[in-house]
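Below are the chains, spelled out letter by letter.
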Number of protein chains: 4
Amino acid sequence: MLRKDLESKSILKVGGAFDAMSAKLVENSGFDAVWAGSFAISATHALPDASILTMTEFFDAASSMSSTCKIPIIADCDTGYGGPSNVRHMVQKYESAGISSICIEDKTFPKQNSLLENGKNDLLSEKEFVAKILAAKEARSDKNFIIIARVEALISGAGMNEALKRAVAYENAGADAILIHSKQKTPDEIFEFTDSWKGSAPIVVVPTTYDSVKISELEAHKIKMVIYANQTLRVAHMAMSRLLKEMINADHISDVKDKMSTMQDIFSLQEMYDIKNKEKKLEEELKKLGYIN
Amino acid sequence: MLRKDLESKSILKVGGAFDAMSAKLVENSGFDAVWAGSFAISATHALPDASILTMTEFFDAASSMSSTCKIPIIADCDTGYGGPSNVRHMVQKYESAGISSICIEDKTFPKQNSLLENGKNDLLSEKEFVAKILAAKEARSDKNFIIIARVEALISGAGMNEALKRAVAYENAGADAILIHSKQKTPDEIFEFTDSWKGSAPIVVVPTTYDSVKISELEAHKIKMVIYANQTLRVAHMAMSRLLKEMINADHISDVKDKMSTMQDIFSLQEMYDIKNKEKKLEEELKKLGYIN
Amino acid sequence: MLRKDLESKSILKVGGAFDAMSAKLVENSGFDAVWAGSFAISATHALPDASILTMTEFFDAASSMSSTCKIPIIADCDTGYGGPSNVRHMVQKYESAGISSICIEDKTFPKQNSLLENGKNDLLSEKEFVAKILAAKEARSDKNFIIIARVEALISGAGMNEALKRAVAYENAGADAILIHSKQKTPDEIFEFTDSWKGSAPIVVVPTTYDSVKISELEAHKIKMVIYANQTLRVAHMAMSRLLKEMINADHISDVKDKMSTMQDIFSLQEMYDIKNKEKKLEEELKKLGYIN
Amino acid sequence: MLRKDLESKSILKVGGAFDAMSAKLVENSGFDAVWAGSFAISATHALPDASILTMTEFFDAASSMSSTCKIPIIADCDTGYGGPSNVRHMVQKYESAGISSICIEDKTFPKQNSLLENGKNDLLSEKEFVAKILAAKEARSDKNFIIIARVEALISGAGMNEALKRAVAYENAGADAILIHSKQKTPDEIFEFTDSWKGSAPIVVVPTTYDSVKISELEAHKIKMVIYANQTLRVAHMAMSRLLKEMINADHISDVKDKMSTMQDIFSLQEMYDIKNKEKKLEEELKKLGYIN
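Numbering of residues starts from 1 in each chain and follows the order in which that chain's sequence is written. For naming, the first written chain is A and the first written ligand is 1, with later ones following in the order written. At least 70 in pLDDT is required for a residue's local features to be given in this predicted model, at least 80 for side-chain atom pairs to be given and counted, and no such filter applies to totals for whole chains, interfaces and linings, which use all residues. With hydrogens and water excluded, all non-hydrogen atoms of the structure serve as input to the side-chain values.

(A) Geometry of the overall build of chain A. The numbering of helices and of strands both runs from the N terminus, where a helix is a DSSP run of H or I of at least 4 residues and a strand a run of E of at least 2. When helices and strands are counted, chain A shows 13 helices and eight strands. When burial is assessed residue by residue, chain A has 67% of its 293 residues classed as buried. Restricting to contacts in chain A with at least 6 residues of sequence separation, those with at least 24 account for 68%. Element-wise, carbon and sulfur atoms account for 47% of the exposed surface of chain A, whose accessible area totals about 10300 Å². Buried, partly exposed and exposed residues are distinguished by accessible area as a fraction of the type maximum, computed with a 1.4 Å probe on protein chains only: under 20%, between the cut-offs, and over 50%, respectively. Only heavy atoms matter for contacts: two residues are in contact if any of them lie within 4.5 Å across the pair. Values of accessible area rely on a 1.4 Å probe in the Shrake-Rupley scheme; residue burial ignores everything except the protein chains shown.

Pasting the structure below:
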């Protein structure tokens, strides 16, 4: 489904999520896929985005999204949680949970968030990262399980040539898509990259810092997927912070009502009404079987 | 700490949370304690508040809050996940994870959310619920682990006398506090309850439906703890829903910036800067030991 | 696969397991399927077989077996962890993890082990258990996901007629197989049951107490599946107990060697050598790509 | 308790375990502490001992042992699951779960089992491993939480001098004990190490390969702790393998009875009888309160 979309649509819009509810909201809003982002998932655990949470915890979050959503889940798997053997195990685990795609990045483990000022952004050798892609490719059982290779050369300061060289190497090794990441305020280096790109693997971007870039510009530069990775997290953080401050100081809380969804909205997301419908259906079946008059 | 606060403060304000980040925000906003609510936790898993998630999953959420927060965590434990043996196991597990208090309610298992229209709200027999309180009391190792008994008689339609009779029985059995729940739009029946209450256990309320009640009124009616159980969840739900709809339709997303916290706000919550400080400190120690010049 | 086997084979032999290693050994020994038994799984957690562990923990064990084994996993799901809604959620979760079958029993929740002397063995009403079977049937997406209904009427003392009546009702409701349980020292009541059985659902037995019964007798009485539920656990328990007592008193431990598998046996079970083979294959691929000379 | 024992006893005997039941058996047999070994825990998941399982899964196993046992749990934490930040998080997590001690080894991540023939045994630089010990020391809140540094220099072929140099460095950095590991068939290099050792940190050994060494010899060479790391696993593996082969071929299984513990033995380990006693006690309390006549 994700592969088909990548071929047929001009650009895929992917929304970031950190739990099943945020993933469901991404789906309900019309996005093409969900990004199970490690920065956001770490944040909801109140832990640094620095390989502190383990694969198990990231997997649990992505797997819970996958149980809930019909649109594809793309799991942000950081550096792949170790070497090729870890990547192999990871791909089997994620694929059997119904997750559609994983993304791994070419930094050393343990990583730090790419946008942290003065953060550590050491690149893994091309050879070692290629080994991870080969392992991922060998481990998947379905070719439609999409392997995204994230190039951190621009973030780390290794430069455009290195970024392009690696992107070529990763596609050759079997990556189905290339995520080129940047922490610039403008999309200039991203567009320089895409304009020089001769490969056939679709290009993916995450415009967290260059957020004024237009969809039409992305499309014009042959970008096939845009990920809004952490905005859901950040809007939830602000909304809760503000509400809590208001509530701690309020004499009564009825004024905050219009900033909040209703209980009914939440019941609906949880499919509480579905439980009631199924109870009714069950009663009818029990009637047919003679257990209820 | 929670017991001390119950004795010394006029009224405790408790904020609802569903993961470590929301719990941390509750703490940062000045609340006295965190309510790890089962409705909200179920919602973030996109699953009904109907005993679908298991104790393990509720525990994981509460335990993650407890690792993050300095203020007490009060865990909403629904009906106690079974009979007295389950409650015993549960209390030991929650207490060793550093959680300060559990709350159990006198409905039958599996339960449904108390505020669901036409929801199932069957009461457990008083005897069986008293057995659970006795088991909880026997299982805790520290008397300051607070056992809250939640009376559902008003929700279920069993009436005021039943509510009072049960509250007395639960206090006699060892409950440290009584949560009296109501789904009325006004606090009238709550106040009728508290005005008739002769016990010495502190009274706790959750004004989700009667949200215009004033703190001063609660205090006047001898209520010692007010829980804002699900507002954080509902404001996050609305904020994300709106932002996602805006983003799916936007040509660029820079306009949404002022509705969101910054990356730096999140880094700060995650203590990313703390990691960097600790790295610096480590470098100094390695210097002292002669490993770095 | 399980359904096919039930149709084609004279009798299926199923071995009990409590973790992935014991499941793998069951598979390696030639059994037709693995029984992920709740008694044994509880025991490895050193917790009573009394609904103390949650579905999450039982599921994790069964799911880990399913990742490891090629033969079908049959998950012992006790009473179904609640009512019909819980069973529905459970079936979806187990089926998506690749587990082939679940077994639920008609006792009240929380249950106690059926073989505990003077244990509590209250039966759930037929109507309520039929509701669980209906829910299970509706929740599965593949008809080859096998629903086994376990009849506890003989254990609870409700008698042969009740056992037969319930077995008929459960088959009518959609159960794919009937497990008739007994705690007698002889198979007499089991054979009385099977000889009176007119249904078409295959019959399953667990001869823990009547262990001198012969396979040929089971076949003669039209029994299609025999489960050796807890012998692996019990032999491991005894072997470890003895070895530990020997080791605590020994001056040196080389004498115990022939009672233990070698490190190489374990490496082989873990597929450590497979990791080494895959490393070699990876090296060859890296050579082809020019990364290694 | 572990520190006190290290000071007062001539030598501590530690038994390996992989789940709560095996840990309980270690305790019941009179050992001083439990070794929650990563090789054995990986094996029960049927996964290679090659950093494939995550800290979460190793932690769950150790934590489950800690809930069950009164004697100290020593958790084998491989390389510490990353860099100093990971070790810091790990120590906090393990310490709050009541685990008494962690052991980390100076190999690179991902590791391979030290006894695997032709396995990868690359050493981490001394500086980087010292950084992990410093982080562990800083992270613990109680000085009695014991940090064991495992020296792999002899395993990796770096030689005796390197082993001694590193042991000194690790003690200087704050390690409470030094585990010196060897894969020789005789204890010669271990005794060469201990005879040259001038430090005051107690020495720990794991005589898996040199299993004919006598306790009296270990004591004579100033060794303070001996860990029988994986014998429980290996005896369980062999006992189950043999029994399963016997059962698959048997016409009836009553002959295997004397190789297995009884159901009652297991009930006793699980404290099933304790549940029944507590039920009785509860009944008495309910009588006193007037709920039962």
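From this point, the narrative continues.
(B) View of the pattern of salt bridges. One speaks of a salt bridge when a side-chain nitrogen belonging to Lys or Arg is within 4 Å of a carboxyl oxygen belonging to Asp or Glu. Counted according to the given criterion, the structure contains 68 salt bridges over all chains. In this structure, Lys111(B) and Asp78(B) form a salt bridge, with 3.3 Å as the shortest nitrogen-oxygen distance. Residue Lys111(B) is found in the loop between strand S4 (101-105) and helix H6 (126-139), and its partner Asp78(B) is found in the loop between strand S3 (73-76) and helix H5 (84-96); the two are separated by 33 residues along the sequence. Across the salt bridge formed by Lys9(D) and Asp32(D), the nearest N and O atoms sit 2.4 Å from each other. Taken together, the residues Lys9(D) in the loop between helix H1 (2-8) and strand S1 (12-17) and Asp32(D) in the loop between helix H2 (20-28) and strand S2 (33-36) connect sequence positions 23 residues apart.

(C) Just the relation of the copies chain A and chain B, in detail. In the superposition of chain A on chain B (RMSD 0.0 Å, axial shift 0.0 Å), the rotation amounts to 180°. Both chain copies can therefore be described as sitting about a two-fold axis. It is Ala236(A) whose C-alpha, among those of chain A, lies nearest the rotation axis, at 2.3 Å. The overlap is high: 100% of the interface residues of chain A also sit at the interface in chain B, so the same surface is used on both sides. Least-squares superposition of the copies uses the C-alpha atoms of those residues scoring a pLDDT of at least 70 in each of them.

(D) How the structure looks around the interface of chain D and chain A. Listed as interface residues are 17 residues of chain D and, on the opposing side, 17 residues of chain A. Carbon and sulfur atoms make up 65% of the surface buried where chain D meets chain A, a total of about 1100 Å² over both sides. The interface formed by chain D and chain A includes zero salt bridges. In protein, a polar contact requires one atom able to donate a hydrogen and another able to accept it; more generally it is a pair of N or O atoms within 3.5 Å, and residues adjacent in sequence count only if both atoms are side-chain atoms. Taken together, the links from chain D to chain A amount to three residue pairs in polar contact (both at pLDDT 80 or more). Tallying contributions element by element places helix H5 (residues 84-96) of chain D first for the side of chain D that touches chain A, with four residues. Nonpolar residues are Ala, Val, Leu, Ile, Met, Phe, Trp, Tyr, Cys and Pro. Charged residues are Asp, Glu, Lys and Arg, and all others, Gly as well, are polar. Looking at side-chain class alone, the side of chain D that touches chain A contains seven nonpolar, eight polar and two charged residues. Two parts placed together each lose some accessible area under a 1.4 Å probe, and adding up what both lose gives the buried area.

(E) How the structure looks around the sheet that holds S3(B). Residues and elements named next belong to chain B. Strands pair, by our definition, only if DSSP identifies at least two bridges between them. One closed barrel accounts for eight strands, arranged S1-S2-S3-S4-S5-S6-S7-S8; its pairing is parallel. Across this sheet, the average inter-strand angle for adjacent strands is 25°, counted without regard to direction. Relative to S4, S3 is paired through three bridges, and the arrangement is parallel. Bridged to Ala 75 within S4 is Ile 102. Helix H2 (residues 20-28) contacts strand S1 (12-17) and strand S2 (33-36) of the sheet and is inclined by roughly 155° relative to S1. Each of S1, S2 and S3 is contacted by helix H4 (residues 55-68), which is oriented at about 175° to S3, the strand it contacts most. Simply put, an axis is a line fit to the C-alpha atoms, just over the touching stretch for a helix, and the angle between two N-to-C directions goes from 0 to 180 degrees.

(F) How the structure looks around the interface of chain A and chain B. Taken together, the contact between chain A and chain B spans 81 residues of the former and 81 residues of the latter. Surface buried jointly by chain A and chain B totals about 7300 Å² across both partners, of which 69% is contributed by carbon and sulfur atoms. Summed over the shared surface of chain A and chain B, the number is two salt bridges. Between Asp211(A) and Lys257(B) there is a salt bridge, with its nearest N and O atoms 3.4 Å apart. Linking chain A to chain B there are 26 residue pairs in polar contact (both at pLDDT 80 or more). For the side of chain A that touches chain B, the secondary structure elements donating two or more residues are helix H2 (20-28), helix H3 (38-44), helix H4 (55-68), helix H10 (215-220), helix H11 (231-249), helix H12 (263-270) and helix H13 (272-288) of chain A. Here the side of chain A that touches chain B takes 17 residues from H11(A), the largest share from any one element. Taken together, the residues that form the side of chain A that touches chain B break down as 39 nonpolar, 25 polar and 17 charged.

(G) Representation of the packing of aromatic side chains. Paired rings are identified among Phe, Tyr and Trp, the last through its six-membered ring, by centres lying within 6.5 Å, and are further divided according to the angle between planes into stacked (under 30 degrees), edge-to-face (over 60) and tilted (the rest). Under the defined criterion, the tally for this structure stands at 30 aromatic pairs over all chains. An angle of 70° between the planes, with centres 5.6 Å apart, marks the rings of Phe39(A) and Phe267(B) as edge-to-face. One end of the pair, Phe39(A), is in helix H3; the other, Phe267(B), is in helix H12 (residues 263-270), on a second chain. Accessibility classification places Phe39(A) together with Phe267(B) in one group, the buried group. With centroids separated by 5.1 Å and ring planes inclined at 75°, the aromatic side chains of Phe59(D) and Tyr94(D) adopt a geometry described as edge-to-face. Here Phe59(D), found in helix H4 (residues 55-68), pairs with Tyr94(D), found in helix H5; they are 35 residues apart in sequence, far enough to count as distant. The pair Phe59(D) / Tyr94(D) is uniform in exposure class, with both members buried. Aromatic ring contacts, followed pair by pair, group Phe39(A), Phe267(B) and Tyr273(B) into a single cluster. Whether a charge lies above a ring is judged from NZ of Lys or CZ of Arg, which has to be within 6 Å of the ring centre and within 35 degrees of the ring normal. The ring of Phe59(A) is capped by Lys93(A), whose NZ or CZ atom sits 4.7 Å from the centre of that ring.

(H) Inspection of H4(A) at higher detail. Residues and elements named next belong to chain A. Across its 14 residues, H4 extends 20 Å between first and last C-alpha, which sits within 8% of the 20 Å expected from 1.5 Å per residue. Within H4, twelve of the 14 residues are buried, which leaves the element mostly enclosed by the surrounding structure. For H4, the complete set of buried residues consists of Met 55, Thr 56, Glu 57, Phe 58, Phe 59, Ala 61, Ala 62, Ser 63, Ser 64, Met 65, Ser 66 and Thr 68. Expected helix span is taken as 1.5 Å per residue step, with the number of steps being one fewer than the number of residues.

(I) The arrangement of the packing of H2(A) against H4(A) in detail. Residues and elements named next belong to chain A. One way to put it is that H2 packs onto H4 with a least axis distance of 8 Å and a crossing angle of 45°. In terms of their interaxial angle, H2 and H4 are classed as oblique. With respect to the hand of their crossing, H2 and H4 are arranged in right-handed fashion. Residues Ala 20, Ala 23 and Lys 24 of H2 form the contact with H4, whose own contacting residues are Ser 64, Met 65 and Thr 68. Each angle gets one of four labels, with under 35 degrees taken as roughly parallel, over 145 as roughly antiparallel, 65 to 115 as roughly perpendicular, and the rest as oblique. In this scheme the handedness of a crossing depends on how the near helix is turned from the far one: anticlockwise by less than a right angle means left-handed, clockwise means right-handed.

(J) A look at the state of the cysteines. Any cysteine sulfur atom paired with another within 2.5 Å is treated as part of a disulfide. Evaluation of the coordinates by the stated rule reveals zero disulfides over all chains. No disulfide involves Cys69(A); its sulfur sits 16 Å from that of Cys77(A), the nearest cysteine.

(K) Structural view of the pairing of strand S5 (residues 146-151) of chain C. All names here are of chain C. Counting buried residues along S5, six of its six residues qualify, which places the element largely inside the surrounding structure. Inspection of the sheet shows strand S4 (residues 101-105) paired to S5 by five bridges, in the parallel sense. Across the sheet, the residue bridging to Ile 102 is Ile 147, located in S5. Crossover S4 to S5 through helix H6 (residues 126-139) is right-handed. In this structure, S5 lies alongside strand S6 (residues 177-180), joined through four bridges in parallel fashion. Residue Ile 148 lies in a different strand from S6, and its bridge partner there is Ala 177. Seen with the strands pointing away from the viewer, any crossover whose path from the first strand over the helix to the second strand runs clockwise is right-handed.

(L) How the structure looks around the pairing of S4(C). Residue and element names in this part refer to chain C. Of all five residues in S4, five are buried, a share of seventy percent or more. Side-chain alternation along S4 places Ser 101, Cys 103 and Glu 105 on one buried face and Ile 102 and Ile 104 on a second face that is also buried. In this view, the connection linking strand S3 (residues 73-76) to its parallel neighbour S4 by way of helix H5 (residues 84-96) has right-handed handedness.

(M) Layout of the sheet that holds S5(C). All names here are of chain C. Taken together, the eight strands give a closed barrel; going around it, the order is S1-S2-S3-S4-S5-S6-S7-S8, and neighbouring strands pair in parallel fashion. The sheet shows a mean angle of 25° between the axes of neighbouring strands, taken without regard to direction. Bridge count between strand S2 (residues 33-36) and S3: three bridges; the pairing is parallel. Bridging from a neighbouring strand, Trp 35 pairs with Ile 74 of S3. Against the sheet, helix H2 (residues 20-28) makes contact with strand S1 (12-17) and S2, and its axis sits at roughly 155° relative to S1, the strand it touches most.

(N) A look at a negative patch on the surface. Within this analysis, patches are made of residues with over 30% relative accessible area and no salt bridge. Like charges are joined at 9 Å or less; nonpolar side chains (Val, Leu, Ile, Met, Phe, Trp, Tyr) at 5 Å or less. For the purpose of charge, His is not counted, nor are the chain termini; Lys and Arg are scored as positive and Asp and Glu as negative. Lysine's charge is taken at NZ, arginine's at CZ, aspartate's at CG and glutamate's at CD. Among the surface-exposed residues, Asp60(A), Asp60(B), Asp60(C) and Asp60(D) lie close enough to one another that they form a single negatively charged patch. Judged by relative accessible area, Asp60(D) falls into the partly exposed class, the value being 44%.

(O) Quick peek at the packing of helix H11 (residues 231-249) of chain C against helix H12 (residues 263-270) of chain D. At their nearest, the axes of H11(C) and H12(D) sit 10 Å apart, and the two run at 75° to each other. Classified by the angle between their axes, H11(C) and H12(D) sit roughly perpendicular to one another. Of the residues in H12(D), those in contact with Leu233(C), Arg234(C) and His237(C) of H11(C) are Met263(D), Asp265(D), Ile266(D) and Leu269(D). Looking at side-chain class alone, the contact of H11(C) with H12(D) contains four nonpolar, one polar and two charged residues.

(P) Here's a closer look at the environment of Lys132(C). Residue and element names in this part refer to chain C. Relative to the helices and strands, Lys 132 resides in helix H6. A relative accessible area of 4% means that Lys 132 is categorised as buried. Separated by 46 residues in sequence, Lys 132 and Asn 86 have C-alpha atoms that sit 8.8 Å apart. Other than its neighbours up to four places away in sequence, Lys 132 contacts Thr 79, Gly 82, Gly 83, Pro 84, Val 87, Ile 104 and Leu 124.

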